[in-house]
Structure formats: structure tokens, C-alpha cells
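Chains, contacts and geometry: an overview
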Amino acid sequence: MRFIGILAGAALLCGAAAAPAAPVGWQPVDEAVLAEARGGFDVGGGLVLSLGIERVASINGSVVSSGALDIPDVSRLNAEQAGRAGAALSALTLLQNGAGNRFAAAMPSTLGATVIQNSLNDQVLATRTVINASVNSLDFFKAINFQDGLRTALSDAIGVR
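Presented here is a report on the structure given in the accompanying data block. (Residues numbered from 1 in each chain as written. Predicted model: local features only at pLDDT ≥ 70, side-chain atom pairs only at ≥ 80, totals over all residues. Heavy atoms only, no water.)

Some words on a nonpolar patch on the surface
A cluster of nonpolar side chains, contributed by Leu 49, Val 74 and Val 135, occupies part of the molecular surface with about 190 Å² of accessible area. Within the secondary structure layout, Val 135 lies in strand S5 (residues 125-135). Under the relative-accessibility criterion, Val 135 is labelled partly exposed at 39%. (Patch = residues over 30% accessible without salt bridge, like charges linked within 9 Å, V, L, I, M, F, W, Y side chains within 5 Å. Areas by Shrake-Rupley, 256 points an atom, 1.4 Å probe, with all protein chains shown as cover. Salt bridge = Lys/Arg side-chain N within 4 Å of Asp/Glu carboxyl O. Helix = DSSP H or I, 4+ residues; strand = E, 2+ residues; numbered from the N terminus. Buried < 20%, exposed > 50% of the residue type's maximum accessible area, 1.4 Å probe, protein only.)

Some details on the sheet that holds strand S1 (residues 49-59)
A sheet is described by the order of its strands in space; here three strands give the open sequence S2-S1-S5, paired in antiparallel fashion. Unpaired on one side and paired on the other, strand S2 (62-71) and S5 mark the two borders of the sheet. Going across the sheet, the axis of each strand differs from the next one's by a mean of 10°, ignoring polarity. Sheet topology note: the S1/S2 ladder contains nine bridges and is antiparallel. From the neighbouring strand, Ala 57 faces S2, where its bridge partner is Ser 65. (Pairing = 2+ DSSP bridges. Axes fitted to C-alpha atoms, helices over the stretch in contact; angles between N-to-C directions.)

So, in C-alpha cells, the structure goes:
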């Protein structure tokens, strides 16, 4: 009996057994309804990458400068989005706190930066840049991970690293 139970368990793990029936009265949901609920559905192998960049500068806990850039799908980047991205990434932001601050722009104009000049004591100066990137294609990254794992296993097997 124990041997039969082990075989039945192995058959279930290998997918040999039939899938359990849905409970009475349950109906599968149409793909269009699912696509709307999850914000889209891509059955293709294409990689959709969204990118967001947010810059915030604060003095003594008060936000004095902020800017955000959001590209919902990098592969469908249009000219307007590309222009905004270029301008946002190359912008030089100058923040001056206190009297007597002087700034001579010796930095290249294509280098985006936030410069904070402070001539006061006991000030808390902070900047934060947050980059959010998301992808929709888990299969793509699974394939990369599988290939890397296979390469590592083969390299270890022959003693090459």
C-alpha cells in the first residue's frame, strides 16, 4: 500500500493526474475581463519596461525643490517624452540657503545635478533621488536566470569559474 501511495504522489507531481474540477457554479473569467482588472495582459514575449525618476531636495525638513519624470513604457517612448526626459536628466538645480552664496556654473550643461549652497549654521540639508523601474515579463527574467544557472552549473562541472 505504501508503494502505491508513493506512485500516486509522484504521478500528481508530474502532472499525470487530471486537474481537479472547479466547484459547482464557478465559471472561468474571460481574458478580456482579467486584462482590464490587472491593467493589461501581454501574452507575447516582449519586455515592457516602465521607468520613473523622482528628485526631492529639502532644507530643515521642508521640500524646496522636486521634480519627477515618468515613462510608462520605454519601448514606446515618443519624441515629447524623450525631450522631457533629456531636459529633466540634464537640468541643473541651484538651491541657495542664507546670504552671500555665489555660484559660477563651471559644470557641463548636459550634466544633471542639484547644487545646494548653505551659509547658515545648524541646517539639515537633504536630497533624494528615487528610481522606480518595473517590468511585465517574468518569463524573460526566468529565462535569463535559467541560462545563468545552467552556465554556472556547467562551469562548476568542468572546474572553470
